[in-house]
Amino acid sequence: MDNNSALNIFITGGTTGAGREASRQAVARGHQVTVLTQGSDGAAKARKDGALPTYSDVTRAGELKSLFRMAQTDVVLHLAAQVANGFPLKGTYEQYERLVAESTHAVVEAAKASNVKFLVYASFAFLYGDTHGETLAEDGAGHLDPLFRAALAAEKAVLESGLNVCVLRAGFNYGPEDESTQTIGEVLRFGRGIYLGDSHSIHNWVHDADLAQAAILAAEQQPTGQIFNVVDDQPVSAASFVGALANGMGFDAPSSSNPPAFALNRSTSEAQRALLAASVRLKNDKAKQVLGWQPRYAGHKAGLDQTLLYWRSAEPIKV
């Protein structure tokens, strides 16, 4: 489609880090944006970003159908499930599985009933499983851990829905407004422990602004049936990622040594341990070539520098 054509874009997870970035970028490109949010604080953030806030449970297809129709939605960016794509996970993976499965089903059903022209589904880079550090493109075959079957089933349901869709397999989200990144910052400030997994396991990351950019480009170009890896250029271990943030905050990098098994089972979930044990490097060439996507933060150090600058700018001025 013509990239200059204004679209009515509906964003689920509109006040997450990636959702807010997508709102701001879409508005800046001349699109009309409606977001799904909760409460007065979320509504204030949405309006600040130039979007219209709406309220619903993202797992209720009937309510979403009404909202999609009200907003005369052309394209849905389903970003709400990305709350399951941060490090560290704050909730149980069972909660995230339910959100991924139920929200995706509801969004697909509502989009079908509302004549939505295109759906951009933000999926997960961890679906490739553990390839022991091998580098893969979108057609690579991973060895999916059964813990994450719900995420794979949700992606498959989107691709087989009959809608015009594309899938963005995103690396671990991070950024100044990302809840998981804020959690790491709090852990470092208070000197608490954090499970980092195997320091030799390589993971894929993407700054919220770069995930948002890919989503907007996909909304405009509508590459039906395509899957894109949306990850930065420099996959690294969780220990390297957290160490870079710690150094930027003026703290020593936390030890990558892991607690004994009895303590580990209390402090982390089986899913979190499985995520950090898997090791894979993903190619992002297809997103660059087909969508024209160019990550602003090609590596985590640049993205964390921006995160710290944002946090510092938000601190109250001392007098």
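Note that this is a predicted model, so its numbers are computed, not measured.

Colleague: Describe the overall build of the protein chain, naming the residues involved and giving the relevant values.
Modeller: When helices and strands are tallied, the protein chain shows 12 helices and 11 strands. The C-alpha atoms of the protein chain give 19 Å as radius of gyration, which agrees with the globular expectation for 319 residues (20 Å, within 12%). In terms of overall dimensions, the protein chain has a C-alpha envelope of 55 × 55 × 35 Å along the principal axes. For the protein chain, the proportion of contacts with a sequence separation of at least 24, taken over those separated by at least 6, is 81%.

Colleague: Which residues make up the environment of R69, and what values go with them?
Modeller: By the secondary structure assignment, R69 is in helix α3 (residues 61-70). For the pair R69 and A111, spaced 42 residues apart in the sequence, the C-alpha separation amounts to 9.1 Å. Not counting chain neighbours up to four residues away, the residues in contact with R69 comprise A113 and S114. Polar side-chain contacts of R69 include one of 2.6 Å to the backbone oxygen of A113.

Colleague: Describe unusual backbone geometry, and please don't skip the residues or the numbers.
Modeller: With an omega dihedral of 0 degrees, the bond running from F87 to P88 counts as a cis peptide bond. Mapped onto the secondary structure, P88 falls in the loop between β4 (75-78) and α4 (93-113). If you check the backbone angles, Q72 has positive phi at about 50 degrees while not being a glycine. Tracing the backbone shows Q72 in the loop between α3 and β4. Residue Q72 is classed as exposed on the basis of its relative accessible area of 58%.

Colleague: Talk me through the layout of surface pockets; I want residue IDs and the actual numbers.
Modeller: Taken as a whole, the largest pocket spans an internal volume of roughly 800 Å³. Lining the largest pocket are 32 residues, with G13, T15, T16, V83 and E179 sitting closest to its centre. For the lining of the largest pocket, the secondary-structure elements that each account for two or more residues are α1 (17-28), β2 (32-37), α2 (39-48), α4 and α6 (179-189). Residue classes in the lining of the largest pocket are distributed as eight nonpolar, 15 polar and nine charged.

Colleague: Could you give an account of the side chain of T181, with specific residues and numbers?
Modeller: Mapped onto the fold, T181 is located in helix α6. Taking the relative accessible area as the measure of exposure, T181 reaches 1% and is therefore buried. Leaving out residues up to four positions away in the same chain, T181 has contacts with N173, Y174, G175, L245, T307 and W311.

Colleague: Any chance you could break down the sheet that holds strand β10 (residues 227-230) for me, citing the residues and the numbers?
Modeller: The seven strands lie next to each other as β3-β2-β1-β4-β5-β7-β10, forming an open sheet whose pairing is parallel. A single partner strand is all that each edge strand has here, and the edge strands are β3 (52-55) and β10. The mean angle between the axes of side-by-side strands here comes to 20 degrees, regardless of whether they run parallel or antiparallel. Seen against the sheet, helix α7 (residues 208-221) touches β1 (8-12), β4, β5 (118-124), β7 (165-170) and β10 and runs at an angle of roughly 165 degrees to β7.

Colleague: Tell me about the pairing of β2, residues and numbers included.
Modeller: In the case of a regular strand, side chains alternate between the two sheet surfaces. Within β2, five of the six residues are buried, which leaves the element mostly enclosed by the surrounding structure. In the sheet, β1 pairs with β2 via four bridges, with the strands oriented parallel. The residue bridging N8 from the neighbouring strand is Q32, located in β2. Viewed along the sheet, the connection from β1 through α1 into β2 turns out right-handed. At this point the chain moves from β2, through α2, to the parallel β3, and the crossover so formed is right-handed.

Colleague: Please give an account of the pairing of β5 that cites residues and values.
Modeller: Of all seven residues making up β5, seven are buried, and the element is well covered by its neighbours. Taking every second residue as pointing to the same face, both faces of β5 are buried, with F118, V120, A122 and F124 on one and L119, Y121 and S123 on the other. In terms of strand pairing, β4 meets β5 through four bridges, oriented parallel. Bridge pairing in β5 places L77 opposite V120.

Colleague: Explain the pattern of salt bridges to me, using residue names and the numbers behind them.
Modeller: Pairing is possible between side chains of opposite charge, provided their charged atoms come close. With the rule as written, the count across this model stands at 12 salt bridges. Across the pair D49 and R20 runs a salt bridge whose closest N-O atoms are separated by 2.8 Å. Note that D49 is positioned in the loop between α2 and β3 and R20 in helix α1, a separation of 29 residues in sequence. A single burial state applies to D49 and to R20, both of which are buried. Among the salt bridges present, the one from E155 reaches R169, with a minimum N-O distance of 2.5 Å. Taken together, the residues E155 in helix α5 (residues 149-159) and R169 in strand β7 connect sequence positions 14 residues apart. Both residues of the pair, E155 and R169, count as buried.

Colleague: Describe the packing of aromatic side chains, with residues and values.
Modeller: Enumeration over the complete set of coordinates arrives at six aromatic pairs. With 4.0 Å between their ring centres and 0 degrees between their planes, W205 and F241 make a pair best called stacked. With W205 in strand β9 (residues 205-207) and F241 in helix α8 (residues 238-249), this pair connects stretches of sequence that are 36 residues apart. Residue F241 is classed as buried on the basis of its relative accessible area of 1%. Three or more aromatic residues joined by ring pairs form one cluster here, namely F87, F172, Y174, W205 and F241. Over the face of the ring belonging to W311 we find R189, whose NZ or CZ atom lies 5.5 Å from the ring centre.

Rules used throughout
Along each chain, residues carry numbers from 1 onward, in the same order as the chain's sequence is written. The predicted origin of the model limits local features to residues at a pLDDT of at least 70 and limits the giving and counting of side-chain atom pairs to 80 or more, whereas totals for whole chains, interfaces and linings rest on all residues. Excluding hydrogens and water, the side-chain figures rest on all heavy atoms present in the structure. Numbering goes from the N terminus for both helices and strands, where a helix is a DSSP run of H or I of at least four residues and a strand is a run of E of at least two. Two things to know: the radius of gyration comes from C-alpha atoms, and the globule rule equals 2.2 Å times the number of residues to the power 0.38. What makes two residues a contact is simply this: any of their non-hydrogen atoms within 4.5 Å. Two N or O atoms form a polar contact when they lie within 3.5 Å of each other; inside protein one atom must be a possible hydrogen donor and the other a possible acceptor, and for residues adjacent in sequence the pair counts only when both atoms belong to side chains. Each residue is assigned to one of three classes by its accessible area relative to the maximum for its type, calculated with a 1.4 Å probe on protein chains only: buried under 20%, partly exposed between the two thresholds, exposed over 50%. The pocket and cavity definitions rest on a 1 Å grid over protein atoms only: a 1.4 Å probe that fits but cannot leave marks a cavity, an open set with protein on both sides within 12 Å along at least five of seven lines marks a pocket, and residues lining either have an atom within 4 Å of a point. Grid points are joined across faces, edges and corners, and a volume is the space filled by probe spheres set on the points. Residues are grouped as follows: nonpolar covers Ala, Val, Leu, Ile, Met, Phe, Trp, Tyr, Cys and Pro; charged covers Asp, Glu, Lys and Arg; every other residue, Gly included, is treated as polar. Think of it this way: DSSP has to see at least two bridges between two strands before they count as a pair. Only the stretch in contact is used when fitting a helix axis, every axis being a line fitted to C-alpha atoms; angles between N-to-C directions are given from 0 to 180 degrees. The handedness of a crossover follows from its direction of travel: if, with the strands pointing away from the viewer, the path from the first strand over the helix to the second runs clockwise, the crossover is right-handed. One side-chain nitrogen of Lys or Arg within 4 Å of one carboxyl oxygen of Asp or Glu is enough to make a salt bridge. Between rings of Phe, Tyr and Trp, where Trp is taken as its six-membered ring, a pair exists when centres lie within 6.5 Å; planes separated by under 30 degrees are stacked, by over 60 edge-to-face, and by other angles tilted. Look at NZ for Lys and CZ for Arg. If either is within 6 Å of the ring centre and within 35 degrees of the ring normal, a charge sits over the ring.

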